[in-house]
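If you want the building blocks of each chain, they are given just below.
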Amino acid sequence: MRTTPRGTIITIMGWALLIVDVQNDFCEGGAVPVKGGQEVARPLSRLAHAMAEAGRSVFASRDWHPPKTHHFQDWGGRWEPHCVQGTWGAEFPPDLDLPEETVIISKGMDPRSEGYSVFEGVDPAGVPFGRCLEERCVRQLVMGGLATDHCVRETAMDARMGGLRVELVVDAVRPVDPEEGERTLRDLETAGVKLVSTEEALREIREVTKTPEEETTNP
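Residues numbered from 1 in each chain as written. Predicted model: local features only at pLDDT ≥ 70, side-chain atom pairs only at ≥ 80, totals over all residues. Heavy atoms only, no water.

(A) Geometry of the packing of helix α3 (residues 148-161) against helix α4 (residues 178-190). Interaxial distance between α3 and α4 falls to 10 Å at its minimum, and their mutual angle equals 10 degrees. In terms of their interaxial angle, α3 and α4 are classed as roughly parallel. For the pair formed by α3 and α4, the contact residues are T148, D149, R153, A156 and M157 on the first element and E180, G181, T184, L185, D187 and L188 on the second. Along the lines of polarity and charge, the residues of the contact of α3 with α4 split into four nonpolar, three polar and four charged. (Axes fitted to C-alpha atoms, helices over the stretch in contact; angles between N-to-C directions. Helix = DSSP H or I, 4+ residues; strand = E, 2+ residues; numbered from the N terminus. Parallel < 35°, antiparallel > 145°, perpendicular 65-115°, else oblique. Contact = heavy atoms within 4.5 Å. Nonpolar A, V, L, I, M, F, W, Y, C, P; charged D, E, K, R; others polar.)

(B) Local environment of the pairing of strand β6 (residues 140-146). Most of β6 sits inside the fold, with seven of its seven residues counted as buried. In terms of strand pairing, strand β3 (residues 15-20) meets β6 through six bridges, oriented parallel. Bridged to L18 within β6 is M143. Bridge analysis of β6 against strand β7 (residues 165-174) gives six bridges, and the strand direction is parallel. For L146, the partnering residue across the bridge sits in β7 and is R174. Read as a crossover between parallel neighbours, the route from β6 over α3 to β7 is right-handed. (Buried < 20%, exposed > 50% of the residue type's maximum accessible area, 1.4 Å probe, protein only. Pairing = 2+ DSSP bridges. Right-handed = clockwise from strand over helix to strand, strands pointing away.)

(C) Layout of the pattern of salt bridges. The final tally for this structure, using the stated rule, is eleven salt bridges. The salt bridge involving R183 is made with E180; its shortest N-O contact spans 2.7 Å. Taken together, the residues R183 and E180, both in helix α4 and three residues apart, mark about one turn of the helix. The class of E180 is partly exposed, set by a relative accessible area of 23%. Residue E204 pairs with K194 through a salt bridge whose shortest N-O separation is 3.3 Å. Placement of the pair is E204 in helix α5 (residues 198-207) and K194 in strand β8 (residues 194-196), with a sequence separation of ten residues. (Salt bridge = Lys/Arg side-chain N within 4 Å of Asp/Glu carboxyl O.)

Below you can see the structure in the form of structure tokens.
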């Protein structure tokens, strides 16, 4: 356990990093690009390697849609086809450098479901994301990715409803709609999500001393 200059005692047991849907189709040149989407890859790569080096779990979610789904406009949905299973658009971009032990969570596979929240996804063995967190005793998620006003928002809200502490890395997210993105950040903060920068998150990871403890307190 260690006390930071701000007086916060931090331990990292029970932490995990979640990278939400940083995929080619959401970056420049993709089917439904988010402005600046590719810019989140590098800060999230830094966080992923720092978290892995600290012995904590790293998760990366992906939309993994079938060709026919109610999520797409041709089948009654909102969006152009994107992140279809096995296509270039569903792959992670080259700038996203993930540690070897990263757990991939796939979502959006049910053609009847929107699949926004990562909590609707499963790992390669079919284990639901929520159970993956429980098995690793994760109590706090550090999050970033795409897009702020859709999958990031729904996932963060589900995490809070499930009793998890959530830190959102605000320079490692981008919205589809800038105004809605700002409203989303306010709503998430109201819901108890802590907004941090990449450097703040990295500092927390580096300052921590590994102990069996899992709590963060403010004396």
